[in-house]
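Chain residues, written in single-letter form:
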Amino acid sequence: GNVVQSAVGDSDRSEAGGLQYTAQQLGSSLGTALLGAIVITGLIASFSTSVTADPHISSQVSSQVETKMSAGGSFVPASEVRAGAEAAGFDAATTDTLVSHYESAQLAALKLAFLVAAFLVVGSFWATRRLPTEILEGGPQEARPPPDSLEVSSAS
């Protein structure tokens, strides 16, 4: 913010601030959407793969999970996965295995999202490498008192 505000004159500060705020909000929204998509995609892929590869889970249960996941998934607590498995009539061992796979998939998806976020941060260092490191010519101007013509008179 200081770099943006010090790079423009007094008459352009409001526009520069507005553009800065807009860019900040846009970046925040896009970053949240990107990381959210990575988490959900990673969760669905990891969970589906681990359920399909587990020899202790029957092919019928695996196909039911695959059908549910292909219809769309979201990041829910493991207790909801347990409740869904119990409602579907899965036995206790299968339910416990599904919940365990889901919890592992959650952790893997979050780790992937944090890794991508870390790469984005490192990339931002490259993008900001040309920011000024010293006060630009003319520098920020000192605050000036308001002109006398704006004073309010007490005469009626």
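Just above sits the structure.
Residues numbered from 1 in each chain as written. Predicted model: local features only at pLDDT ≥ 70, side-chain atom pairs only at ≥ 80, totals over all residues. Heavy atoms only, no water.

Engineer: When you look at the overall build of the protein in this model, what are you seeing that I'm missing?
Structural biologist: Secondary structure summary: the protein contains five helices and zero strands in total. Element order for the protein, N to C, with α for helix and β for strand: α-α-α-α-α. Put simply, of all contacts in the protein between residues at least 6 apart along the chain, 68% involve residues at least 24 apart. Carbon and sulfur atoms provide 61% of the accessible area of the protein, an area that totals close to 11200 Å². (Helix = DSSP H or I, 4+ residues; strand = E, 2+ residues; numbered from the N terminus. Contact = heavy atoms within 4.5 Å. Areas by Shrake-Rupley, 256 points an atom, 1.4 Å probe, with all protein chains shown as cover.)

Engineer: Mind showing me how you'd approach helix α2 (residues 13–53) here?
Structural biologist: Residue pairs three or four apart in sequence face the same way in an α-helix, which turns once every 3.6 residues. With 41 residues, α2 should reach 60 Å at 1.5 Å per residue; the first-to-last C-alpha distance of 59 Å fits that figure. Residues Ala16, Ile38, Val39, Gly42, Leu43, Phe47, Ser48, Ser50 and Val51 constitute the buried set of α2. (Expected span 1.5 Å × (residues − 1). Buried < 20%, exposed > 50% of the residue type's maximum accessible area, 1.4 Å probe, protein only.)

Engineer: Can you help me understand the nonpolar core in this one?
Structural biologist: The nonpolar side chains of a soluble globular protein tend to be buried with one another. Ranked by size, the top nonpolar core spans 19 residues in total, and within it Phe47, Val51, Val61, Val65, Leu98 and Tyr102 carry the most contacts. Of the residues forming this core, the biggest block, six residues, is contributed by helix α5 (residues 92–127). Residue contacts for Leu98: discarding those within four places in its chain leaves Phe47, Val51, Ile57, Val61, Val65, Ala85 and Phe90. (Core = buried A, V, L, I, M, F, W, Y, C linked by side-chain atoms within 4.5 Å.)

Engineer: Mind showing me how you'd approach the packing of aromatic side chains here?
Structural biologist: How two aromatic rings sit relative to each other is set out by the distance from centre to centre and by the angle between their planes. The final tally for this structure, using the stated rule, is one aromatic pair. Here the aromatic rings of Phe47 and Tyr102 are separated by 5.5 Å at their centres, their planes lie at 90°, and the arrangement is edge-to-face. Here Tyr102 lies in helix α5 and Phe47 lies in helix α2, a separation of 55 residues in the sequence. Residue Phe47 is classed as buried on the basis of its relative accessible area of 6%. (Phe/Tyr/Trp six-rings, centres within 6.5 Å; stacked < 30°, edge-to-face > 60°.)

Engineer: Where do I start with the layout of surface pockets in this structure?
Structural biologist: Empty space left among the atoms is revealed by rolling a probe the size of a water molecule over them. Reported here for the largest pocket is a volume of approximately 450 Å³. Along the walls of the largest pocket sit 17 residues, with Phe47, Lys68, Met69, Val81 and Gly84 positioned nearest its centre. For the lining of the largest pocket, the elements supplying multiple residues, two or more each, are α3 (59–70), α4 (78–87) and α5. Among the residues making up the lining of the largest pocket, the classes are represented as 10 nonpolar, five polar and two charged. (1 Å grid on protein atoms, 1.4 Å probe; cavity = no way out; pocket = protein on both sides within 12 Å on 5 of 7 lines; lining within 4 Å. Points joined across faces, edges and corners; volume = space filled by probe spheres on them. Nonpolar A, V, L, I, M, F, W, Y, C, P; charged D, E, K, R; others polar.)

Engineer: Got a minute to help me understand the packing of α2 against α5 in this structure?
Structural biologist: Any two packed helices are characterised by the angle at which their axes cross and by the distance between the axes. Interhelical geometry of α2 versus α5 gives an angle of 145° and a closest axis separation of 8 Å. Considering how the two elements wind past one another, α2 and α5 form a crossing that is right-handed. Broken down by class, the residue content of the contact of α2 with α5 amounts to 18 nonpolar, five polar and no charged. (Axes fitted to C-alpha atoms, helices over the stretch in contact; angles between N-to-C directions. Left-handed = near helix turned anticlockwise from the far one by under 90°.)

Engineer: Help me understand the pattern of salt bridges in this model?
Structural biologist: Two side chains that carry opposite charge are able to pair once their charged atoms sit near each other. Inspection of every chain in the model, using the stated rule, returns two salt bridges. Close ionic contact of Asp10 with Arg13 constitutes a salt bridge, the shortest N to O distance being 3.3 Å. What makes Arg13 partly exposed here is its relative accessible area of 24%. Measuring nitrogen to oxygen at the nearest pair gives 2.8 Å for the salt bridge that ties Arg82 to Asp96. Taken together, the residues Arg82 in helix α4 and Asp96 in helix α5 connect sequence positions 14 residues apart. On the accessibility criterion, Arg82 (29% relative accessible area) is partly exposed. Asp96 sits in the partly exposed class, given a relative accessible area of 41%. (Salt bridge = Lys/Arg side-chain N within 4 Å of Asp/Glu carboxyl O.)

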